[in-house]
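Given next are the chains, with one letter for each unit.
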Amino acid sequence: MTTAAPLQGDTLLLSITRRLLSLSSPADLCHEGLRFLAHELRADLAMLHVQREGDVFTLAASVGEHPKLTLHEVQLLTPRWRELLLAGEWHSQPLPNDSWEGPEELGYVHLGARHLVCFGLHSGERLVGYVGLLFRDPRPELGTLGVLGTLGALWGTLLDRLSAQAALNAREAMLRSVTDNGTDLVTVLDAGGVITYQSASSVRMVGFTVNEMLSRDVFGFIHEDDRAHVSEIFAALVAEPGATRDVTFRFAHRAGHHVWVECRGRNLLADPDVRGVVVHTRDVTEQQRTRARLEQRVQDLSLMHAASQALARATDVESVVNDVVKLIRARLRQEYVRVLRVDEEGVTTVVNAEEDDLPGALHPSSAVRLLPGQGLVGACVASGETVLVNDVLADERYVPLYAQVRSELVVPLWVGGRVWGALNVESTTPGAFGDEDRRALETVAAQIGAGLATVLLLDELRRSHHDLEGAYDETIEGWARALDFRDQETEGHSQRVTELTVRLARRMGLGEETLVHVRRGALLHDIGKMGIPDHVLRKPGPLTGEEWGVMRRHPGMAMELLSPIRFLAPALEIPYAHHEKWDGSGYPRGLRGEEIPLAARIFAVVDVWDALRSDRPYRPAWSAERARAHIEAGAGSHFDREVVRVFLSVLAGGDGT
């Protein structure tokens, strides 16, 4: 297979969807679509099965070769797999895998596979097929490819519709054969494109009678944007006797609009019974609309996916607003996008101030102040509902913010059960927005609201933290006492190790300012145990291997809990690193030697000392002599030798217990 780097995320979704939409038959959709996906993901083998009946699926397409591939031509899905695939779930897993439920000889391991990616192709509530991608090497990175469920829905819908269309085409082919290759509309043209024959079905398809079309130039009925292309195809057809050409374009309707038609022309100019180009035409307007809707859906999904990623990175109101505004401009190709906020008095102002740089702005963004109920934005905020106006000049509520605007779409932004503001998109084109745009932007507005709720909560937490900063030492001590109360076997442990750690750190030359942070870190060293279940934390006996795995997560939990608190940043060394060991065998990061912060190295000795000198349900406290011998034995492996030396001198001087 090729070594090209695989696409990821929405890039893969857009790429494969464009490829699928370019295919016009179920066979091409299976073979070419599978070949394209296998190439993008560098799969060694790929199979696409389609439903034959019930739970029986047959191989419709494959990529790659293997002598045992024929064993997989017919597959019987288990009810569990069928339910998972129909639910839109996809699987990326190493092989061999215990989840395989079929016969051993049908296992993918026999095809040389080390990794499997599988997802269903479904149309509505029906599973029409599934795709299996096999890799000879482990591919753990494919486990993050979260768009395969969406791809399966799009692919399955296309396959279902094209299969239905193919069945319809087959029936039409039979009718064309019966009626001497006739179709919905039959036209005969001379070499110059003049209509010499027209079937009576023209009235139904394009509104014109036979007499209105006879002797007229056919190119006069073709949309001006398609005329040059159709003319080129027709010229090539006329130049090749007996040749056949297909072309799709827009044809004028007598009512003033255009319909999409698919034409097949055959050059019979040399046939004395015809002496013309015979064109069979059918109306494909609905198919074109379906294609457009699918493309719009892909665009909407891409926008929503990108918006969710951008909002996950946002840290404040401005970043939430500016990131999503940029996405809407780029994905929907709409330039005039504003986010407005409502204050306590109901006055609406603009959040994204860079709007001042856009052409046609009638007022600087900082000067825009809409009173309660004023403009379409005010109407949206007052009602809490989307406002869509495709001719703003005919709406008396409209307040112009840009010159030449003709359409406006305003969606409320809900945060915490109230309207926080509005997402406003305007266009210079009349009728620019439809229901699809409204639904897409309502979804994005909901994402913005969720993002705003998060950052506003963080802002509130930051403000609360600032207000309480004067009392944080008392709070820290309260946390430590609460931990000791919960973990009864270590009651008083936090206060004891804190006092001894500060004495040892002072003996080792740490300054008073640093000792403040050492004290806080020692008090909070076990704060991560707040996330440890009681059945593990308070178990009256030795922990199992699995329970130790849970217990060893508490340094990371401490970091996650405390890192957002700015004033505790210098104190995080002890909670995060006090279980690291001098020889690199500790956790959570496996630090070695002086990679371990000095404060954590100091605390590690004191922590073990206090644990050994305290009673446990499963053992009594060790004697001072036995605990001292254990500390000395750990110097150079568990502990820093210099810290152990100073610690023992502290004990000898009567500073320890």
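Scoring rules and cut-offs
- Residues numbered from 1 in each chain as written.
- Predicted model: local features only at pLDDT ≥ 70, side-chain atom pairs only at ≥ 80, totals over all residues.
- Heavy atoms only, no water.
- Buried < 20%, exposed > 50% of the residue type's maximum accessible area, 1.4 Å probe, protein only.
- Helix = DSSP H or I, 4+ residues; strand = E, 2+ residues; numbered from the N terminus.
- Pairing = 2+ DSSP bridges.
- Axes fitted to C-alpha atoms, helices over the stretch in contact; angles between N-to-C directions.
- Parallel < 35°, antiparallel > 145°, perpendicular 65-115°, else oblique.
- Left-handed = near helix turned anticlockwise from the far one by under 90°.
- Contact = heavy atoms within 4.5 Å.
- Salt bridge = Lys/Arg side-chain N within 4 Å of Asp/Glu carboxyl O.
- Arc of directions from axis to C-beta.
- Expected span 1.5 Å × (residues − 1).
- Phe/Tyr/Trp six-rings, centres within 6.5 Å; stacked < 30°, edge-to-face > 60°.
- Core = buried A, V, L, I, M, F, W, Y, C linked by side-chain atoms within 4.5 Å.
- pLDDT = per-residue confidence, 0-100.

## Some details on the pairing of strand S5 (residues 115–123)
And step 1. In terms of burial, S5 is largely enclosed, as nine of its nine residues are buried.
And step 2. Bridge count between S5 and strand S6 (residues 126–135): nine bridges; the pairing is antiparallel. Pairing of Phe-119 across the sheet is with Val-131, part of S6.
And step 3. Two successive antiparallel strands, S5 and S6, enclose a turn made up of two residues, where Gly-124 displays a positive phi of approximately 65 degrees.

## Brief notes about the packing of helix H13 (residues 493–507) against helix H21 (residues 641–652)
And step 1. Closest axis-to-axis distance for the H13/H21 pair is 10 Å, and the angle between their directions is 115 degrees. Between H13 and H21, the angle falls in the class roughly perpendicular. The two elements H13 and H21 meet at a crossing, and its hand is right-handed. Only Val-643, Val-646, Phe-647, Ser-649 and Val-650 of H21 make contact with H13, whose side of the interface consists of Leu-500, Leu-504 and Arg-507.

## Overview of the side chain of Asp-610
And step 1. Within the fold, Asp-610 resides in helix H19 (residues 598–612).
And step 2. Asp-610 sits in the buried class, given a relative accessible area of 10%.
And step 3. The contact partners of Asp-610, leaving out residues within four places of it in the chain, are His-493, Arg-496 and Val-497.

## Section: the pattern of salt bridges
And step 1. Applying the stated criterion to the full structure yields 20 salt bridges.
And step 2. Residues Arg-254 and Glu-212 are paired through a salt bridge, measuring 2.8 Å at the closest nitrogen-oxygen approach. Placement of Arg-254 in the loop between strand S9 (244–252) and strand S10 (258–268) and of Glu-212 in helix H6 (residues 210–213) is noted, with a sequence separation of 42 residues between them.
And step 3. Measuring nitrogen to oxygen at the nearest pair gives 3.1 Å for the salt bridge that ties Arg-506 to Glu-512.
And step 4. A single network of salt bridges, built from pairs that share partners, joins Arg-19, Glu-32 and Arg-35.

## Comments concerning the sheet that holds S9
And step 1. Taken in spatial order, the five strands make up an open sheet running S8-S7-S11-S10-S9, and their pairing is antiparallel. Two strands bound the open sheet, and with one partner strand each, they are strand S8 (195–198) and S9. In this sheet, adjacent strand axes meet at a mean angle of 25 degrees when their direction is disregarded.
And step 2. Across the face of the sheet, helix H7 (residues 224–238) comes into contact with strand S7 (185–189), S9, S10 and strand S11 (276–283) while running at roughly 155 degrees to S9.

## Description of the sheet that holds strand S4 (residues 90–94)
And step 1. Read across the sheet, six strands follow the order S3-S2-S1-S6-S5-S4 without closing on themselves; strand pairing throughout is antiparallel. A strand with exactly one partner marks an edge of an open sheet, and here the two such strands are strand S3 (74–76) and S4. Direction aside, the axes of adjacent strands within the sheet are offset by 25 degrees on average.
And step 2. Sheet topology places strand S2 (residues 56–63) next to S3; three bridges connect them, and they run antiparallel. Counterpart to Val-56 in the pairing with S3 is Leu-76.
And step 3. Relative to the sheet, helix H2 (residues 26–41) contacts strand S1 (45–53), S2, S5 and S6, its axis offset from that of S2 by approximately 60 degrees.
And step 4. Sheet contacts for helix H3 (residues 79–86): S1, S2, S4, S5 and S6; angle to S5, the most-contacted strand, approximately 70 degrees.

## Side note on H3
And step 1. Considered for burial, the residues of H3 that qualify are Trp-81, Leu-84 and Leu-85. Down the axis, H3 shows its buried residues gathered within 95 degrees of arc, on one side only. What points out from H3, more than 90 degrees from its buried face, is the exposed set Pro-79 and Glu-83.
And step 2. Taken together, the buried residues of H3 touch S4, S5 and S6.

## Topic: H2
And step 1. When the terminal C-alpha atoms of H2 are compared, their 22 Å separation across 16 residues agrees well with the 22 Å that a helix rising 1.5 Å per residue should span.
And step 2. For H2, the full list of buried residues reads Pro-26, Leu-29, Cys-30, Gly-33, Leu-34, Leu-37, Ala-38, Glu-40 and Leu-41. Taken end-on, H2 shows its buried residues confined to a sector of 160 degrees, consistent with a single buried face.
And step 3. Following H2 by one or two positions, Arg-42 has its phi on the positive side, about 60 degrees.

## Observations concerning the packing of aromatic side chains
And step 1. Scanning the entire structure with this criterion turns up seven aromatic pairs.
And step 2. Ring geometry for Phe-119 against Trp-155: centres 6.4 Å apart, planes inclined by 45 degrees, an arrangement best described as tilted. In this pair, Phe-119 sits in strand S5 while Trp-155 sits in helix H4 (residues 148–178), placing the two residues 36 residues apart along the sequence.
And step 3. When its relative accessible area of 0% is taken as the criterion, Trp-155 is described as buried.

## As for the nonpolar core
And step 1. Counting 35 residues, the largest nonpolar core has Leu-37, Leu-48, Leu-133, Leu-151 and Trp-155 as the members making the most contacts within it.
And step 2. Counting residues per element, the ones that place at least two in this core are helix H1 (9–21), H2, S1, S2, S5, S6 and H4.
And step 3. If we ignore the near neighbours within four places in the chain, the residues touching Leu-133 are Leu-34, Leu-37, Leu-41, Ala-43, Leu-45, Ala-46, His-115, Leu-116 and Val-117.

## Considering the confidence of the model for the protein chain
And step 1. Averaged over all residues, the pLDDT of the protein chain equals 82, while 83% of them reach at least 70.
And step 2. Averaged pLDDT values over the elements of the protein chain bottom out at 60 in helix H12 (residues 472–486) and peak at 94 in S2.
And step 3. A low-confidence stretch, residues 1–7 stays under pLDDT 50, and its non-local contacts, those more than four residues away or across chains, total 18 contacts.
And step 4. Every residue in residues 175–182 is under pLDDT 50, and counting partners more than four places away or in other chains gives six contacts.

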